[in-house]
Amino acid sequence: MTLDASVKEALKLVAYPMVVKDVVTTGIVRQVTASGADVTIDVVLPTMVVEPQAKAAFLKSISAAAEKVPGVGNVKLDVAVKVASLPAPTDKNRASGVKNIIAVASGKGGVGKSTVATNLALALRRWGAKVGLLDADVFGPSVPQMLGAPQIPPSGTPDKRISPAVFYDIKVMSVAFFVDKDQAVVWRGPMVHKLLEQFLGDVDWGDLDYLVVDLPPGTGDVQLSLTQLIPLTGAIMVTTPQQVAVIDVVKAISMFKKVEVPILGVIENMAYYVCPSCGHHDEIFSRGGGRKLAQEVGSAFLGEIPIDTKVRFGGDTGVPVVVGAPDSEHSRIFMELAAEAAGRMVGRILSGPRRAAALTTIR
């Protein structure tokens, strides 16, 4: 067996975090080239949204596995990034330049879902991804309020499409751009479906690594229309700790499972409050409901978000905490949640039954 073949065989014992299959089978290791005792390994990371320590540990595991092969001297890694995704079915090929679509849902209003969706989108952007944010809460759009004044307002394109607004370098679309802020949207289901069709097919999203979709509460027309129109990579469920919120999230999870949308994980928002003066922890809405829910439904628990006035202030003033206080504890939490969610997506894409189709996206 040649040296490069021996190294490739050894690398079949290495796996990317949260991916069941090894790096050779998944295509993360694209090529191994030996020149004498020197070995070069081409590595294609399936996402840029990964903690530096985890990335360093993963690359070290590749080098270590190669160095153990008899006859190997110097090992060099050529590392690139190409976001893994699955090709859309032909009947759902809207927003064709979008690699992954993440629904942020709750089943219940008032749990901070829009705050989580907005800050997660901005966190993904801070990691270096190309990101869009679709405010699909047709009857109660709040994302534009949370983002303030746009860098670029929405507009028409020469080919009669819609160019989305741009806030903090993410592309955003919302019904709030087209109705007066005091005007109620009173539409039946078919009109909602048509609007979502336009927001997905007629909006020029361009090439995006991630499109975050902020869903309304409940399990109604918007949720069903989205699952019919586009291939959702997965859903992130947001809950507060108390049982009255968890009950509704369970129903939303059941709905997603019926329409075969994977649950990427559960986030517990407003998990506790830390007094800024004395440091005392107060579990205002109880604590642990999200973690317990994740265990009961067999899903991942992505993490907790404490109550803090910085988050509320950021949403009210149009400067979300991830961009307004980038060095804060809350910003760090959202960055970690984004990395965890991206890792879960990669795990599902490269470990699932359609993995072979996903390989073309990272090769």
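About the thresholds
- Residues numbered from 1 in each chain as written.
- Predicted model: local features only at pLDDT ≥ 70, side-chain atom pairs only at ≥ 80, totals over all residues.
- Heavy atoms only, no water.
- Helix = DSSP H or I, 4+ residues; strand = E, 2+ residues; numbered from the N terminus.
- Rg over C-alpha atoms; globule rule 2.2 N^0.38 Å.
- Buried < 20%, exposed > 50% of the residue type's maximum accessible area, 1.4 Å probe, protein only.
- Areas by Shrake-Rupley, 256 points an atom, 1.4 Å probe, with all protein chains shown as cover.
- Lys, Arg positive; Asp, Glu negative; His and termini not counted.
- Charge placed at Lys NZ, Arg CZ, Asp CG, Glu CD.
- Contact = heavy atoms within 4.5 Å.
- Salt bridge = Lys/Arg side-chain N within 4 Å of Asp/Glu carboxyl O.
- Phe/Tyr/Trp six-rings, centres within 6.5 Å; stacked < 30°, edge-to-face > 60°.
- Pairing = 2+ DSSP bridges.
- Arc of directions from axis to C-beta.
- Polar contact = N/O pair within 3.5 Å; in protein donor to acceptor, adjacent residues only side chain to side chain.
- Core = buried A, V, L, I, M, F, W, Y, C linked by side-chain atoms within 4.5 Å.
- Axes fitted to C-alpha atoms, helices over the stretch in contact; angles between N-to-C directions.

Examining the overall build of the chain
Piece 1. The helix and strand inventory of the chain stands at 12 helices and 14 strands.
Piece 2. Over its C-alpha trace the chain gives a radius of gyration of 22 Å, about what one expects of a compact globule, namely 21 Å for 363 residues.
Piece 3. For the chain, the spread of C-alpha atoms along the three principal axes comes to 70 × 60 × 40 Å.
Piece 4. By the burial criterion, 50% of the 363 residues in the chain qualify as buried.
Piece 5. Counting every atom, the chain has about 16,300 Å² of accessible surface; 52% of that belongs to carbon and sulfur.
Piece 6. Computed over 37 positive and 35 negative side-chain charges, the inter-centroid distance for the chain is 4 Å.

Quick look at the environment of lysine 99
Piece 1. One can find lysine 99 in strand 4 (residues 98–105).
Piece 2. On the accessibility criterion, lysine 99 (25% relative accessible area) is partly exposed.
Piece 3. Remark: the alpha-carbon pair of lysine 99 and proline 158, spanning 59 residues in sequence, is separated by 25 Å.
Piece 4. Each residue touching lysine 99, except ones within four places of it in the same chain, is listed here: Val83, Ser85, Leu208, Asp209 and Thr233.

Side note on the pattern of salt bridges
Piece 1. Under the criterion given, the structure shown has 14 salt bridges.
Piece 2. Between lysine 113 and aspartate 214 there is a salt bridge, with the nearest N and O atoms lying 3.0 Å from each other. Of this pair, lysine 113 sits in helix 3 (residues 113–126) while aspartate 214 sits in strand 10 (residues 208–214), placing them 101 residues apart in sequence.
Piece 3. Linking aspartate 316 and arginine 312 is a salt bridge whose minimum nitrogen-to-oxygen distance equals 3.1 Å. With a gap of four residues between them, aspartate 316 and arginine 312 both fall in helix 9 (residues 309–317), about one helical turn apart.
Piece 4. In the salt-bridge network here, residues are joined through shared partners; they are Glu329, Arg332 and Glu336.

Points about unusual backbone geometry
Piece 1. The residue methionine 18 is not glycine, and still its phi comes out positive at about 75°.
Piece 2. Counting through the fold element by element, methionine 18 comes out in the loop between helix 1 (3–10) and strand 1 (29–35).
Piece 3. Residue classification places methionine 18 among the partly exposed residues on the basis of a relative accessible area of 37%.
Piece 4. Unlike most non-glycine residues, lysine 160 shows phi in positive territory, near 65°.
Piece 5. Within the secondary structure, lysine 160 is located in the loop between strand 6 (155–156) and strand 7 (162–163).

Some thoughts on the packing of aromatic side chains
One pair of aromatic rings is described through two measures. These are the centre distance and the angle between the planes.
Piece 1. As enumerated under the stated definition, the model contains four aromatic pairs in all.
Piece 2. Taking 6.2 Å as the distance between ring centres and 10° as the angle between the ring planes, the aromatic pair formed by phenylalanine 167 and phenylalanine 177 counts as stacked. Pair noted here: phenylalanine 167 is in strand 8 (residues 165–167) and phenylalanine 177 is in the loop between strand 9 (170–174) and helix 5 (189–201), with a separation of 10 residues, a long-range link.
Piece 3. Relative to phenylalanine 178, the ring of phenylalanine 177 lies with its centre 6.4 Å away and its plane at 80°, an arrangement referred to as edge-to-face.
Piece 4. For phenylalanine 178, a relative accessible area of 46% corresponds to the partly exposed category.
Piece 5. Cluster of aromatic residues (ring-pair linked, three or more members): Phe167, Phe177, Phe178 and Phe199.

A closer look at the side chain of threonine 239
Piece 1. With respect to the helices, strands and loops of the structure, threonine 239 is situated in strand 11 (residues 234–239).
Piece 2. Overall, the relative accessible area of 0% leaves threonine 239 in the buried class.

Digging into the pairing of strand 4
Piece 1. Within strand 4, seven of the eight residues are buried, which leaves the element mostly enclosed by the surrounding structure.
Piece 2. Examined bridge by bridge, strand 4 and strand 10 share six bridges and lie parallel to one another. Pairing of asparagine 100 across the sheet is with tyrosine 210, part of strand 10.
Piece 3. In the sheet, strand 4 pairs with strand 11 via four bridges, with the strands oriented parallel. Bridge pairing links alanine 105 to methionine 237 in strand 11.

A word on helix 9
Piece 1. Within the sequence span of helix 9, burial applies to Val311, Gly314 and Gly315. Down the axis of helix 9, the smallest arc covering the buried residues is 95°, so these residues share one side.
Piece 2. At the N-terminal end of helix 9, a side-chain oxygen is found 2.7 Å from the backbone nitrogen of lysine 310, two or three residues along, and the residue is aspartate 308.

As for the nonpolar core
Piece 1. Counting residues in hydrophobic clusters, the biggest one holds 44 residues, and the most contacted among them are Val49 and Tyr210.
Piece 2. Not counting residues up to four positions away in its chain, the partners in contact with valine 49 are Leu124, Trp127, Ala129, Tyr210, Ala338, Ala339 and Ala342.

Observations concerning the sheet that holds strand 2 (residues 38–45)
Piece 1. Read from one edge of the open sheet, three strands run 1-2-3, paired in mixed fashion. Bordering the open sheet on either side are strand 1 and strand 3 (75–81), each of which pairs with just one other strand. When strand polarity is set aside, the average angle formed by the axes of neighbouring strands in this sheet is 15°.
Piece 2. Pairing geometry for strand 2 and strand 3, over seven bridges, is parallel.

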